[in-house]
Amino acid sequence: IAPENNDSKHISIFCSTCQQTIHPYHLLYHKKTHKALTLLGFDSSQTKTDNKTLLAQRQKLVSELTKIPKYSETHRQKIDYSFEFLMDNHTPTSYCDLANINNPSTFKKVNNSLIKALSICQDKNSTWQGDMEDRFIVLKNYGNRSDTCFLGLVDGSHGVTAAETVAAELPLLFLDQLAQTDSSYKKSKDEQQILDSFATVIKADYMEKEKIFSDKSGNDETNKTNTYEWIHKAYAKSFWRMDRLLQLGRNEVSKVRWSGCSVVTCLVERIPSKEADGIEEEERKHPENNTHSPLARATKGVAGLLHIANTGNAHAVLCKNGKSHCLSKDHSTSNVSERKRILQNGGNISTNEPDGLVEGYLRTTRGLGHHGDPVLKRSIIPVPHTISVPIDDTCQFLILASNGLWEVLDYNEVLALTLTTFTNYLRTYKCVQQNGTSLYMCQYLMPLTEDNLNDSKAIKDLQDGIEILYSNKDIFLIDSKGNLKQNYAGQELLKTVSPAGSEPAPRFEEDTKPYPSNCDSQTAGRGRVTSETLYDAAASYISEQLVKTALAAGSRDNITILIVLLNGC
């Protein structure tokens, strides 16, 4: 399966503000237009207005501003800049192919029945960045458990030292915490040896401070099984210890400005059938306890669980039934609660645009590292946001990405782009050869319409039959059957249908052979492309297109995207 030269011509972004389809190179200007119109008091969904109306609106705003006792020259400059930007009308009209990325995508084979394919794609963004400071984590058979893997993405800041250390040691610290509660998680001798070496740093007096993670109500086996609060506390404790190890300053270059990082991690585990059966049996015996175990009811019909933890501006987004659900929390100066926490604790946030910088230096408000500056570290805490999410065959994609993607695209735009790219991949490339005749998946695909893409909402919009799933003082909404609300019109997007007078859609052969490195030989058996090969290539194609789109849209940061194709795709 080899990409064609003009594949980028099919890539477009669905603007979540005005519902228009935009080419990646036009997105930066397009979003600036929305921002300028909003600042001048127009409807944010507008994209055009005449010059006479713009002039009248500017004069009105300036007149009102001069009458205010506390006149703001900064706000006046914003009005003038927005007016001049809209008057120039320098809409880019020339078409440009998406730029090639420096590094091709990387396949990672994970033996997990919940995952069809996994791919990572990175780009240093050499126009704006001198070094690649992002790192990723993909560990299969995590804790010597089949159908359990640990995924992570570390977005480095002011150096790569902290990101490299976290990528190497955080999985071990988390595994150590899990093994203390669940004996099914096993550590190898080498892993235990590394953990033992940390004893000189994690001493008794430091462990005394960690007792806060052990203080929990309802400390019994049933509570552990039903709420998975113990995993959230294991996350919190491992992040706490990781930050303590970074305090040693190993391999740091600067004396005052040590490196730091944002982190997003995901523990993917399959729910054992015995556990699911046991939960249902427990509900039948003790129905009065059902209100205290929302996750127990959520496991009905659920294949597995995602346990997410994040600090900073690295995020995880789940696509379920064609809807985007952000599973992480933004820890930056744009977050009102984070700003309030910092200011109440004596920290300082500068007036830099758009939302200020912590101590005039950093936009993120939580993360690991940054120990070189004690004033800055007072505000940057290592406390992660954690959440547990049940997944089933309606879950399609899981995307972990660094700030380089999220600074130019929002969650809904990334989802729409992922769906259209996946559909375009299947439509464009020959994927089945049967009886010497080439067939194309496009004749068996339902069309992807704008109506389908318009119906992408955040978790907070789910209203019917909701339950609260424990997530470290945050909530995740699920319906009475344990699924996210299901009303996406395009959930039949990949349903195979046969046109009138045609033969039924061919089925892919299953194959467990390793993925071949040569793209020209990605066929198996009797010249057929296996479903495994198809999904591996699709994951690679999607991750590369997301990186190319972020570059074209004006990203100024390192870009790393880890995409997981789940069973629902």
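Computed from a predicted structure; not experimentally measured.

Some words on the packing of helix H4 (residues 161-181) against helix H5 (residues 189-197)
Here comes step 1: Contact pair H4 / H5: the axes reach a minimum separation of 10 Å and the direction vectors enclose 95°. Between H4 and H5, the interaxial angle falls into the category roughly perpendicular. Along the contact surface, H4 presents Leu-172, Leu-173, Leu-175 and Asp-176, while H5 presents Glu-191, Ile-194 and Leu-195.
Here comes step 2: Within the contact of H4 with H5, the residues separate by chemical class into 5 nonpolar, no polar and 2 charged.

Observations concerning empty space enclosed by the protein
Here comes step 1: Throughout the structure, instances matching the rule amount to 3 cavities of 30 Å³ or more.
Here comes step 2: Its boundaries defined by the atoms lining it, the largest cavity holds a volume of some 70 Å³.
Here comes step 3: The wall of the largest cavity is formed by 13 residues, among which Thr-161, Leu-246, Gly-249, Arg-250 and Glu-252 lie closest to the centre.
Here comes step 4: At the level of elements, H4 and helix H8 (229-246) are the ones that each hand at least two residues to the lining of the largest cavity.
Here comes step 5: The biggest single contributor to the lining of the largest cavity is H4, with 3 residues.
Here comes step 6: A per-class count over the lining of the largest cavity returns 4 nonpolar, 7 polar and 2 charged.

Description of the nonpolar core
Here comes step 1: Counting residues in hydrophobic clusters, the biggest one holds 37 residues, and the most contacted among them are Val-166, Phe-174 and Leu-178.
Here comes step 2: Looking at this core, the elements that each hand over two or more residues are strand E6 (148-157), H4, H8, strand E7 (260-270) and strand E8 (304-311).
Here comes step 3: With 11 residues, the top contributor of residues to this core is H4.
Here comes step 4: If near-sequence neighbours (up to four positions away) are discounted, Val-166 is found in contact with Ile-137, Val-154, Pro-171, Met-242, Leu-246, Cys-261, Val-263 and Leu-368.
Here comes step 5: Ile-399, Val-414, Leu-426 and Ala-538 belong to the second largest nonpolar core, which has 36 residues in total.

What about the pattern of salt bridges?
Here comes step 1: Using the criterion set out here, one finds 14 salt bridges in the structure.
Here comes step 2: Here Arg-250 ties to Glu-169 by a salt bridge, and the two come within 3.0 Å at their closest N and O atoms. Highlighted residues: Arg-250 in the loop between H8 and E7 and Glu-169 in helix H4, separated in sequence by 81 residues.
Here comes step 3: By relative accessible area, which is 32% here, Arg-250 ends up partly exposed.
Here comes step 4: In this structure Glu-169 comes out as buried when scored by relative accessible area, which is 12%.
Here comes step 5: Put simply, Lys-320 and Asp-392 hold a salt bridge, and the shortest N to O gap is 2.9 Å. Here Asp-392 lies in the loop between strand E12 (385-391) and strand E13 (395-401) and Lys-320 lies in strand E9 (residues 315-320), a separation of 72 residues in the sequence. Exposure class is identical for Lys-320 and Asp-392. Each is buried.
Here comes step 6: Look at the salt bridges and you will find they share partners, linking Arg-58, Arg-76 and Asp-80 into a network.

Some details on the environment of Lys-78
Here comes step 1: Within the secondary structure, Lys-78 is located in helix H3 (residues 73-88).
Here comes step 2: Classification of Lys-78 as partly exposed rests on a relative accessible area of 32%.
Here comes step 3: On a C-alpha basis, the gap between Lys-78 and Ala-36 in space is 8.6 Å, while along the polypeptide they are 42 residues apart.
Here comes step 4: If we skip the residues at most four places from it in the chain, Lys-78 touches Leu-39 and Glu-353.

Observations regarding the confidence of the model for the protein
Here comes step 1: Of all residues in the protein, 68% attain a pLDDT of 70 or more, and the chain-wide mean is 75.
Here comes step 2: Of the regions scoring below 50 in pLDDT, residues 430-528 engages in 204 contacts with residues more than four places distant in sequence or in other chains.

So, helix H16 (residues 531-552)
Here comes step 1: Taking 1.5 Å per residue as the helical rise, H16 with its 22 residues ought to reach 32 Å, and the 31 Å between its terminal C-alpha atoms agrees with that figure.
Here comes step 2: Within H16, 21 of the 22 residues are buried, which leaves it mostly tucked inside the rest of the structure.
Here comes step 3: Where H16 terminates, the next one or two residues include Gly-554, which has phi positive at roughly 100°.

As for the environment of Asn-412
Here comes step 1: In this fold, Asn-412 is placed in helix H14 (residues 411-428).
Here comes step 2: Asn-412 sits in the partly exposed class, given a relative accessible area of 24%.
Here comes step 3: Taking the C-alpha atoms as reference points, Asn-412 and Phe-14, 398 residues apart in sequence, are found 8.5 Å from one another.

Here's the deal with the environment of Ala-416
Here comes step 1: You can see Ala-416 is positioned in helix H14.
Here comes step 2: The buried category is assigned to Ala-416, whose relative accessible area is 4%.
Here comes step 3: With 97 residues separating them in the primary sequence, Ala-416 and Cys-319 have C-alpha atoms 9.8 Å apart.

Description of unusual backbone geometry
Here comes step 1: Positive phi is not limited to glycine here, since His-158 has a value of about 55°.
Here comes step 2: Structurally, the position occupied by His-158 is in the loop between E6 and H4.
Here comes step 3: Judged by its relative accessible area of 41%, His-158 is partly exposed.
Here comes step 4: Positive phi, close to 55°, is recorded for Glu-359, a residue that is not glycine.
Here comes step 5: Using a relative accessible area of 24% as the deciding quantity, one classes Glu-359 as partly exposed.

Calculation rules
- Residues numbered from 1 in each chain as written.
- Predicted model: local features only at pLDDT ≥ 70, side-chain atom pairs only at ≥ 80, totals over all residues.
- Heavy atoms only, no water.
- Axes fitted to C-alpha atoms, helices over the stretch in contact; angles between N-to-C directions.
- Helix = DSSP H or I, 4+ residues; strand = E, 2+ residues; numbered from the N terminus.
- Parallel < 35°, antiparallel > 145°, perpendicular 65-115°, else oblique.
- Contact = heavy atoms within 4.5 Å.
- Nonpolar A, V, L, I, M, F, W, Y, C, P; charged D, E, K, R; others polar.
- 1 Å grid on protein atoms, 1.4 Å probe; cavity = no way out; pocket = protein on both sides within 12 Å on 5 of 7 lines; lining within 4 Å.
- Points joined across faces, edges and corners; volume = space filled by probe spheres on them.
- Core = buried A, V, L, I, M, F, W, Y, C linked by side-chain atoms within 4.5 Å.
- Buried < 20%, exposed > 50% of the residue type's maximum accessible area, 1.4 Å probe, protein only.
- Salt bridge = Lys/Arg side-chain N within 4 Å of Asp/Glu carboxyl O.
- pLDDT = per-residue confidence, 0-100.
- Expected span 1.5 Å × (residues − 1).

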